[in-house]
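As a plain string of letters, each chain reads:
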Amino acid sequence: MIERHGPEALSGPSPYAWRRPIGLPYDGPERARQDVDQPLVDDGPWGGVPLGGLGAGSIGRTHRGDFARWHLDVGRHRFETIPADQFSVFVAKGGAKSAHVLSTIRPETLRTWNWDMPAGAGIYHGLFPYAWWEYDWAELPVRLMQRQFSPVIPGNYRESSYPVGIFEWQIENTSPDPVTVGLMFSWLNDIGRDRGQDRRGGHRNVSLHKDGLAGVVLQGPSDAADAPWNGSVAIMGVEDTGVHLTTWDRFLADDGSDVWADFAADGRLGDVVDGRPSKSGEAIGAALAATVELAPGETKRVSFVLAWDLPVVEFGSGTCWYKRYTRFFGHSGANAWAIGADALARRSEWSSAIDAWQAPIVNDATRPDWYKTALINELYYLVDGGTVWTEGEPFNMADPARRSALLPAAPESGKTGPDGSLGHFAVLECYDYACYNTLDVNFYASWALLMLWPDLDVSVLRDFAATVDLDDPEIVTVGWKGDLAPWKVRGAMPHDLGGPGGDPFLRPNIYHWRDINIWKDLNSKFVLQVWRDVLLVPAPDLARDTWPAVVQAMDYLGRFDRDGDGLPEHDGQPDQTYDAWSMLGPSAYSGALWLAALRAAIRLGEMVGDTASVVRFRQLHDRGSASFEARLWNGRCYRFDASGEASSESVMADQLAGQWYADATGLGDLVSPERILTALRTVYESNVLGFGGGDMGAVNGIRPDGSIDESTEQSAESWTGTTYGLAAFMIGRGLTEEGWRTAHGAFAVTYGRGLWFRTPEAYLQNGQYRAAMYLRPLAIWAIEHALRQQTANAAAAERPKSAEA
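Here's a quick rundown of the structure.

## Regarding the pattern of salt bridges
Alright, step 1. Per the stated rule, a full pass over the model turns up 55 salt bridges.
Alright, step 2. Between Arg367 and Glu784 there is a salt bridge whose closest N-O contact spans 2.8 Å. Here the residue Arg367 occupies a position in the loop between α3 (336-362) and α4 (369-377), and Glu784 occupies one in helix α18 (residues 780-804), the gap between them amounting to 417 residues. Side by side, Arg367 and Glu784 carry an identical accessibility label, which is buried.

Laid out in structure tokens, this is it:
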């Protein structure tokens, strides 16, 4: 059943959306650092809210109106405008008529199409997963607005995985005369483009009119049906009352003059049915047009969808997995039409669910408006971050037995399958450092997953728990100095769960820039995340199931306490998340994480009844706590490390990350509460106010004289995710004004300096940044946790008073 809507159903842009004039360039100095050995991704400031579900692959549409960021081949990044992938408009009023492509780009192909829309001819708005285009252009005698979204809905473990984008148009005739309006949605059949297969020949487009829908299904070559890159795409619309849909199933993408001439004549297409497959070297496109007649003052709505069914993720090892959405639509790759039909039928239901989850945030007057914008928009990376969400068991397409196992859709529905499995879920650290679920980074970022899809976060931790006992003795070259080290030692947590070029989930730890077997933060961060999820999901079974891994991880890290003072010692190299910033001896950063992890292990041990381990961890904690205060407190903050070397006395913004987690998860004060506040105020005055005029976030390191610590690249950077984590820590400790100003600096750089929807890991005062589209900035959701925690604590404090009254 296709829903029918009145024009009033389409809501306009949220006042909390990020906005920018359509196609307006940005000419600031922000550029990615370009290393000789590894040029970093820099697509320029053309970004926007992506389309797609969790683990479905994603398509990025920029504020110019072009589809340009391609992450359909999961784990691989391509930025390329495809001119044929577009919306165009035809208008006729009286004896005048015109047709225009609704984008400000000026491509070298499709030159007969009318690319005359100027920059600034309307406003783009983005509030994930929504984006709106409000067109304000004198060439058009009508008012146009488009809303796009995908059904990415917190707490939803089904539709949130769907590979679909919905485009709802509102057309208002503001003139005193009747008008005819046509909207054309065109798309290139470039299935296999990321693998160089888009012009191999054999691609075919099929027009369909059925069940109140019309559109074109774009199919990959039939002679490559089992190829992991193959599948189908559909562009579709609803044949609603007063909406006439026509199609054109084949035009040459390098020319397109035939389809444009037909559309520009009357806003309709000739329902051309060609059906011929593409020839070798040829690229073919298809188009769908919706045409309406509007009386003076009349408003009508038109809805399109873009759906894709590319069911397989293939990694560098040759291992393949089916994507999560195939649980509901099958594995054949021929179900783009079915996905699109479901979207057209349920779009209103989905948008209502999105509005409902956003409402408590956007309607809360105590939260700054800019924060609402950043909090919700940073979720773009859960879709756009090379995300994998698997279904079923791994296979290899070269195996004939697996090639034939293209099974029908599973009949069940709901959050999980009949076995309760959610599969594996992972997000890249970034495309420059292509590692899945990087543990030290996810420590900051996973607050978003925890708060919105908690079952997925628990599944990630179960995957990590399974790696602790893994011993992978293969010797690898460590990139830093060319030293040799084992791939992974038993007891050491892996840096990641693998990468696109390797074998994610089956062989963890693709990172070899440093020897992770001696890192001092990974094991603590694993234990703290387990404790956090046990407490906050809540997930009591996770405590029991991961307890052996927790004990093994703590015992392994404890071996680096070589002098018996209760604190692990660093080895004079970058052996933690700041992997270009060396530490020697005990440090504030890893020391505080260790103390917090010991407290977490004590609490977990009490839950599972392991008294002996609890006693042992408590003794370690008490000894380490005394050493931490004695060796690292300097009167203003905690020392970077106790080595007495270059950065030893630097003020590190992230020095008490362990205390931040302890605060967030009820573990109490690791050190004197007065010293915690003193350290936070020192960080605020030095690292926040002393960097970028006080509105660029927190720089990682500041020397005692107030200068930036430039002893390493990373000490001189501000890290977006670290800044958000620090702000959450400050707000949780009652330094509310300081916390908001700290967080605003990261927001100002991201959304004011050309970095929107590609938030970087790090940036310098001069605008140079590193690692665009990065995982750690999702730490902004830790601020939301801190705010909710404050509200809950305040409510709990009021209960005895109410009861007494």
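## Side note on the packing of aromatic side chains
Ring pairs (aromatic) are described by centroid distance and by the angle formed between their planes.
Alright, step 1. Summed over the entire model, instances satisfying the criterion amount to 55 aromatic pairs.
Alright, step 2. Above the plane of the ring of Trp133 lies Arg61, whose end atom (NZ or CZ) is 3.7 Å from the centre.
Alright, step 3. The lysine or arginine in question, Arg776, covers the ring of Tyr444, its NZ or CZ lying 4.9 Å from the ring centre.

## A short note on the sheet that holds strand β31 (residues 762-763)
Strands in a sheet are paired, the pairing made by backbone hydrogen bonds, and the direction either parallel or antiparallel.
Alright, step 1. The sheet built from 4 strands is open, its strands ordered β2-β32-β31-β30 with mixed pairing. The sheet terminates laterally at β2 (31-32) and β30 (718-719), the two strands that pair on one side only.
Alright, step 2. Bridge count between β2 and strand β32 (residues 768-770): 2 bridges; the pairing is parallel. Bridge pairing in β32 places Arg31 opposite Gln768.

## Brief notes about the nonpolar core
Alright, step 1. Core analysis: the biggest nonpolar cluster contains 269 residues, and Phe526, Trp781 and Ile783 have the highest contact counts within it.
Alright, step 2. Of the residues forming this core, the biggest block, 13 residues, is contributed by helix α12 (residues 588-608).
Alright, step 3. Residues within four places of Phe526 in sequence aside, it is in contact with Leu439, Leu461, Phe464, Ala465, Val468, Met493, Ala549, Val550 and Ala553.
Alright, step 4. Judged by nonpolar contacts, the second largest core, of 5 residues, contains Val312, Cys320, Phe395 and Met397.

## Digging into the side chain of Ser625
Alright, step 1. Looking at where Ser625 falls in the secondary structure, it is placed in helix α13 (residues 611-632).
Alright, step 2. Those residues in contact with Ser625 that lie beyond four places of it in its chain are Leu595 and Leu670.

## A few points about unusual backbone geometry
Alright, step 1. Following Phe128, the chain continues to Pro129 via a peptide bond in cis, the omega torsion being 0°.
Alright, step 2. Along the polypeptide, Pro129 turns up in the loop between β9 (122-127) and β10 (130-135).
Alright, step 3. With omega at -10°, the peptide bond leading from Val537 into Pro538 counts as cis.
Alright, step 4. Tracing the sequence through the fold places Pro538 in the loop between α10 (522-536) and α11 (540-558).
Alright, step 5. Here Phe505, not a glycine, exhibits a phi torsion of approximately 75°, which is positive.
Alright, step 6. The residue Phe505 is located in the loop between β25 (484-488) and α10 in this model.
Alright, step 7. Non-glycine residue Phe757 carries a positive phi angle of around 60°.
Alright, step 8. Within the fold, Phe757 resides in the loop between α17 (736-752) and β31.

## Side note on helix α14 (residues 657-664)
Alright, step 1. Counting buried positions along α14 gives 8 out of 8 residues, so the element sits mostly inside the fold.
Alright, step 2. Taken together, the buried positions of α14 are Ala657, Gly658, Gln659, Trp660, Tyr661, Ala662, Asp663 and Ala664.
Alright, step 3. Residue Gly666 follows α14 closely and has a positive phi angle near 70°.

## As for the packing of α12 against α14
Alright, step 1. Two elements in contact, α12 and α14, have axes whose closest approach is 6 Å; the angle formed by their N-to-C orientations is 30°. The angle between α12 and α14 falls in the class roughly parallel. The residues of α14 that touch α12, namely those facing Tyr589, Ala592, Leu593 and Ala596, are Ala657, Gly658 and Gln659.
Alright, step 2. A per-class count over the contact of α12 with α14 returns 5 nonpolar, 2 polar and no charged.

## Details of α3
Alright, step 1. With 27 residues, α3 should reach 39 Å at 1.5 Å per residue; the first-to-last C-alpha distance of 34 Å falls well below that figure.
Alright, step 2. Most pronounced at Arg346, the bend in α3 amounts to some 65°.

What counts, and at which threshold
Residues numbered from 1 in each chain as written. Predicted model: local features only at pLDDT ≥ 70, side-chain atom pairs only at ≥ 80, totals over all residues. Heavy atoms only, no water. Salt bridge = Lys/Arg side-chain N within 4 Å of Asp/Glu carboxyl O. Helix = DSSP H or I, 4+ residues; strand = E, 2+ residues; numbered from the N terminus. Buried < 20%, exposed > 50% of the residue type's maximum accessible area, 1.4 Å probe, protein only. Phe/Tyr/Trp six-rings, centres within 6.5 Å; stacked < 30°, edge-to-face > 60°. Lys NZ or Arg CZ within 6 Å of the ring centre and 35° of its normal. Pairing = 2+ DSSP bridges. Core = buried A, V, L, I, M, F, W, Y, C linked by side-chain atoms within 4.5 Å. Contact = heavy atoms within 4.5 Å. Axes fitted to C-alpha atoms, helices over the stretch in contact; angles between N-to-C directions. Parallel < 35°, antiparallel > 145°, perpendicular 65-115°, else oblique. Nonpolar A, V, L, I, M, F, W, Y, C, P; charged D, E, K, R; others polar. Expected span 1.5 Å × (residues − 1). Bend = angle between axes of the 7 residues up to and from the residue.

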